[in-house]
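Chain residues, written in single-letter form:
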There are 2 protein chains.
Amino acid sequence: MSITFDLSGCLSERLGRGALEEALLREKTSSLRPALERLAALRMAGEGHPEFLLLPDRRADLEPARDLAAALAERCDDVLILGTGGSSLGGQTLYALADLPLGPRHPRLHFVDNVDPFGFERLLDSLDMERTGVVAISKSGSTAETLCQLAVILEALIEAVDESRLAGQVAVITEPKESPLSNLADRWRLPRLKHDLGVGGRFSVLSVVGLLPALLAGLDAAALREGAAEILDQALGERGTDLEGPAAGAALAVLLAERGYSQTVLMPYVDRLADFGLWYRQLWAESLGKEGKGTTPIRALGPVDQHSQLQLYLQGPADKLFTLIRLETQGQGPRISPKIVEDPRLAYLAGRHMGDLLDAMARATAETLVRNGRPTRLLTLDRLDEFVLGGLFMHFMLETVLAAELLGVDAFDQPAVEEGKVLAREYLAASGAATS
Amino acid sequence: MSITFDLSGCLSERLGRGALEEALLREKTSSLRPALERLAALRMAGEGHPEFLLLPDRRADLEPARDLAAALAERCDDVLILGTGGSSLGGQTLYALADLPLGPRHPRLHFVDNVDPFGFERLLDSLDMERTGVVAISKSGSTAETLCQLAVILEALIEAVDESRLAGQVAVITEPKESPLSNLADRWRLPRLKHDLGVGGRFSVLSVVGLLPALLAGLDAAALREGAAEILDQALGERGTDLEGPAAGAALAVLLAERGYSQTVLMPYVDRLADFGLWYRQLWAESLGKEGKGTTPIRALGPVDQHSQLQLYLQGPADKLFTLIRLETQGQGPRISPKIVEDPRLAYLAGRHMGDLLDAMARATAETLVRNGRPTRLLTLDRLDEFVLGGLFMHFMLETVLAAELLGVDAFDQPAVEEGKVLAREYLAASGAATS
């Protein structure tokens, strides 16, 4: 795999006395050995919970997804991906990898994950409904925002094109059971892909939930799963408790949380991983934030956030664990002509490539954080493609599940969010009663 | 002003025993009276530090900015705004308010605030350089990223158009002193606007740094300043220590920080304020995060983050203060046709507008946070336009400056960020030596 992890910037040998001792980290990591063996057995068996572990080895679901993507791509210049949270963030992350502008065979994707009427109407106004496709994604089939969006768009489509064409432009990903969304799909005979019952939204990026958008954008879905499978092989194998693996990452976060490090900052120096930060943020927050436990995931982006957050990171409270991601970019990108930057104060730029500057900043920030006593993990990618991104997804899903194991919480539920949904429906009913 | 603040969800009367007592909040707020009087005197005098307080009453700098915007708009279909941190985030926030797609008189803006070679080349490839303008913004005139971007683009422009046309397509905002950027401007006789010496980047949104992009996008710059002036009138006037003002907001954040609330979440239920969250995040972090003090600003967006962060917010550690922003949207946006949503389980949606759903979710989430004992402040906007946004900018700048007063830190410096810059230059020099 082309991902390397350097945890040395989190340990006392570099950070100094009072910081985490390597022996302690190794001990905590080793305590995860039984959990790793359980997960390895599950994968070997090919069934059981958590099902997301089985996705990297699956291929049978790719063919229907490819067919649907091809059909939509033929009819549509734009495709709206309706869905929120785990039904959207994986696809968004993948889309950032697409080689834009896309060729004529690939529609533009729009991830519609909110219900702001202003932006929504602006988007609809900009589209040619005759050439616009829709994929509505909701595991339960009852997500209010997604159903609201779909209802409005269905009406707009019916106005613009013949009702008989709906089934060629609109598709659904939901669980194979009775629900408001599956009823809508039945009524208009919409094509649908099955949302795996045992794969929650935040673990669904390697299922058709993430892969259908990826296929629409021309990405290699099989390579994503192959990259994930390689990380699984490593993480669940003999060397799974090495300091490079997800078990060590989980142990690190939990040990630091016990010492008051309540926040974990993920800071890629790669624009195409900006949305990866959003995906990770849901994964970590929703899986661990329960029973008063968990730490707060923070999405940052380098170098731009050096001009926004670095002051706080270096001299604010020492309550954050940092994970910087750098991509080998030396010698890449446009070169800064010495003819333009003649100023001797800019000698450090003259003749350099933009990728040299980016890389120098990533390494300098990692080093500066360590010198200021802030625990910092440095991830290096030698390239960024579907294989590597699939590996990153799997690494962080495993890290999260193993952190839940150490914290003693269930990584797969989200018991708190129902209360607000019920209350919102009450308010909505009351406002309707008042205005109608 | 059309902004109302409700702090009741932070106080013991609603949150219960152990929460902040209103009397304590009022006492801490009142302790800011001398600071408010000092700021009021400064404004009255029309000079002194901090200078950002004087911007709302200034008009003389608008005319040159309008002229430059008009000249660029005539020659360009696209304008790149080069700059990072405070040289970019205010403009980005303002641009979100523009009525897109813009008319033919207004160029598309691209805020280039990073140095990822991949995205940068993709952007340049998509542009017609003959119709592309550039505004390079750097207060010091020595920001490495901005100079790197500008050098590459200058070379591309010189290749595409005659060198004599540079002065019609490229402009600069920087301090009126000798610097690498001002030298480049001299060399090609580029038009420039003055970056106010006494206004740091994160306080510069109401200066030409924010207003030039706003003018390019067709926004009303004077209305922005008028909204800010009205908030100043209120905040520095007799009722400045009321619970609705920035002084109370500062006191609230600091009192809660003392009790372990180490994070402050800003969560607008307005897509057009998503970038406002980024602007605020720099302001709060960089102004307060020093000497081990400060709290971590977190940018969220509703309702989408209910499907990502709300589980953590409700049941994770009780370490966050929440500020939700809602806009009056009842009855706005597309209506959900009862003919489409016949399912009785969707009766709560039938006949409702998208804005009804959005508003119900904002109010329900605020109430649910309070019911779960999480201190929550609710801001309501009756509309969103330049006047209101100008008011929001000023409110949060004052809140930040007053929080710094209470914490005993200097809101206007950022002493920690230099170390990493120096190291990055060393690495860059070393990599150059190795490869050249």
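Residues numbered from 1 in each chain as written. Chains lettered and ligands numbered in written order. Predicted model: local features only at pLDDT ≥ 70, side-chain atom pairs only at ≥ 80, totals over all residues.

**Considering the overall build of chain A**
Here's step 1: Within chain A, the secondary structure is distributed over 17 helices and ten strands.
Here's step 2: Against the globule reference of 22 Å for 436 residues, chain A gives a C-alpha radius of gyration of 23 Å, in line with a compact fold.
Here's step 3: Along the three orthogonal principal directions, the C-alpha set of chain A runs to about 70 × 60 × 50 Å.
Here's step 4: For chain A, buried positions account for 59% of its 436 residues.
Here's step 5: Put simply, of all contacts in chain A between residues at least 6 apart along the chain, 79% involve residues at least 24 apart. (Helix = DSSP H or I, 4+ residues; strand = E, 2+ residues; numbered from the N terminus. Rg over C-alpha atoms; globule rule 2.2 N^0.38 Å. Buried ≥ 20, exposed ≤ 12 C-beta atoms within 10 Å, placed from the backbone. Contact = placed C-beta atoms within 7 Å.)

**Remarks on the domain arrangement of chain A**
All names here are of chain A.
Here's step 1: Domain annotation for chain A reports domain 1 (3-32 + 241-407) and domain 2 (56-221).
Here's step 2: The distance between the C-alpha centroids of domain 1 and domain 2 comes to 32 Å.
Here's step 3: In this assembly, 16 residues from domain 1 lie in contact with 15 residues from domain 2.
Here's step 4: Counting only elements with at least two residues in the side of domain 1 that touches domain 2, the list comes to α13 (274-288) and α16 (386-407).
Here's step 5: Here the side of domain 1 that touches domain 2 gets nine residues from one element, more than from any other, and that element is α13.
Here's step 6: The residue inventory of the side of domain 1 that touches domain 2, partitioned by class, reads nine nonpolar, three polar and four charged. (Domains from an automatic or database assignment. Nonpolar A, V, L, I, M, F, W, Y, C, P; charged D, E, K, R; others polar.)

**Quick look at the packing of helix α11 (residues 221-236) of chain B against helix α16 (residues 386-407) of chain B**
All names here are of chain B.
Here's step 1: Where α11 contacts α16, the two axes come as close as 6 Å, and the packing angle between them is 45°. Between α11 and α16, the angle falls in the class oblique. Viewed along their axes, α11 and α16 form a crossing whose handedness is right-handed. Two secondary-structure elements touch here, α11 through Ala-223, Leu-224, Arg-225, Glu-226, Gly-227, Ala-228, Glu-230, Ile-231, Leu-232 and Ala-235 and α16 through Glu-386, Phe-387, Val-388, Leu-389, Gly-390, Gly-391, Phe-393, Met-394, His-395 and Leu-398.
Here's step 2: Looking at side-chain class alone, the contact of α11 with α16 contains twelve nonpolar, four polar and four charged residues. (Axes fitted to C-alpha atoms, helices over the stretch in contact; angles between N-to-C directions. Parallel < 35°, antiparallel > 145°, perpendicular 65-115°, else oblique. Left-handed = near helix turned anticlockwise from the far one by under 90°.)

**A closer look at α13(A)**
Here's step 1: With 15 residues, α13(A) should reach 21 Å at 1.5 Å per residue; the first-to-last C-alpha distance of 22 Å fits that figure.
Here's step 2: Of all 15 residues making up α13(A), 14 are buried, and the element is well covered by its neighbours. (Expected span 1.5 Å × (residues − 1).)

**Quick word on the interface of chain A and chain B**
Here's step 1: On the side of chain B, 102 residues touch chain A, which itself brings 102 residues to the contact.
Here's step 2: For the side of chain A that touches chain B, the elements supplying multiple residues, two or more each, are α6 (117-125), α7 (144-160), α9 (180-187), α13, β8 (296-299), α14 (310-315), α15 (354-371) and α17 (417-435) of chain A.
Here's step 3: Among the residues making up the side of chain A that touches chain B, the classes are represented as 42 nonpolar, 38 polar and 22 charged.

**Observations concerning the confidence of the model for chain A**
Here's step 1: In this model, chain A carries an average pLDDT of 95, and 97% of its residues clear a pLDDT of 70 or more.
Here's step 2: Our summary of model confidence lists the complex with pTM equal to 0.97 and ipTM equal to 0.97. (pLDDT = per-residue confidence, 0-100.)

**Examining the relation of the copies chain A and chain B**
Here's step 1: Relative to chain B, chain A is turned by 180° and slid 0.0 Å along the rotation axis, the superposed coordinates differing by an RMSD of 0.0 Å. Taken together, the rotation and translation relating the two chain copies correspond to the operation of a two-fold axis. In terms of C-alpha distance to the rotation axis, chain A has Ile298(A) as its closest residue, with the C-alpha 3.8 Å off the axis. (Least-squares fit on C-alpha atoms with pLDDT ≥ 70 in both.)

**Observations concerning the sheet that holds strand β6 (residues 192-194) of chain A**
All names here are of chain A.
Here's step 1: Taken together, five strands build an open sheet; the order of strands is β3-β2-β4-β5-β6 and the sheet is parallel. Each of the sheet's edge strands pairs with one partner strand only, and the pair in question is β3 (108-112) and β6. Averaged over neighbouring strand pairs, the angle between their axes works out to 15° when direction is ignored.
Here's step 2: As judged from the three bridges shared by strand β5 (residues 170-174) and β6, these two strands associate in the parallel manner. Residue pairing for β6: Thr-174 is matched across the bridge by Lys-194.
Here's step 3: Against the sheet, helix α4 (residues 62-75) touches β2 (78-82), β4 (132-137), β5 and β6, its axis set at about 155° to β6.
Here's step 4: Sheet strands touched by α9: β4, β5 and β6. Its angle to β5, the strand with the most contacts, is close to 145°. (Pairing = 2+ DSSP bridges.)

**A look at the environment of Arg259(A)**
Here's step 1: When you line up the elements, Arg259(A) lands in the loop between α12 (246-258) and β7 (263-268).
Here's step 2: Distance from Arg259(A) to Leu20(A), taken between C-alpha atoms, is 9.4 Å for residues 239 residues apart in sequence.

**Description of the pairing of strand β7 (residues 263-268) of chain B**
Residue and element names in this part refer to chain B.
Here's step 1: Counting buried positions along β7 gives six out of six residues, so the element sits mostly inside the fold.
Here's step 2: Residues of β7 alternate between two faces, with Gln-263, Val-265 and Met-267 on one and Thr-264, Leu-266 and Pro-268 on the opposite face, all of them buried.
Here's step 3: In terms of handedness, the path from β7 via helix α13 (residues 274-288) over to strand β8 (residues 296-299) forms a crossover that is right-handed.
Here's step 4: Across six bridges, β7 lies against strand β9 (residues 320-327) in parallel orientation. Its bridge partner lying in β9, Leu-266 is registered against Thr-323. (Right-handed = clockwise from strand over helix to strand, strands pointing away.)

**Structural notes on the sheet that holds strand β1 (residues 3-6) of chain A**
All names here are of chain A.
Here's step 1: Taken together, five strands build an open sheet; the order of strands is β1-β10-β9-β7-β8 and the sheet is mixed. For this open sheet the edge positions go to β1 and β8, each flanked by a neighbour on one side alone. Taken pair by pair, the neighbouring strands of this sheet meet at an average axis angle of 20°, ignoring direction.
Here's step 2: Lying over the sheet, α15 contacts β9 (320-327) and β10 (376-381), oriented at roughly 160° with respect to β9.

**Remarks on the environment of Leu123(A)**
Here's step 1: Considering the arrangement of structural elements, one finds Leu123(A) in helix α6.
Here's step 2: It is 8.9 Å that separates the C-alpha atoms of Leu123(A) and His110(A), two residues lying 13 residues apart in sequence.

**Examining the pairing of β8(B)**
Here's step 1: Here β7(B) runs beside β8(B); their pairing, made up of four bridges, is parallel. By the bridge assignment, Val265(B) is partnered in β8(B) with Ile298(B).

**Focus: unusual backbone geometry**
Most peptide bonds take the trans configuration, and most residues that are not glycine carry a negative phi.
Here's step 1: Note the cis peptide between Gly302(A) and Pro303(A), where omega equals -15°.
Here's step 2: Locating Pro303(A) in the fold gives a position in the loop between β8 and α14.
Here's step 3: Look at the link from His49(B) to Pro50(B): it is a cis peptide, with omega at 0°.
Here's step 4: For Glu291(A), which is not a glycine, the phi torsion comes out positive at approximately 55°.
Here's step 5: Residue placement: Glu291(A) occurs in the loop between α13 and β8.
Here's step 6: For Arg189(B), which is not glycine, the phi torsion reads 50° and is therefore positive.
Here's step 7: As for its position among the elements, Arg189(B) is in the loop between α9 (180-187) and β6 (192-194).
Here's step 8: On the basis of neighbour counts, which here come to 11 C-beta atoms within 10 Å, the residue Arg189(B) falls in the exposed class.

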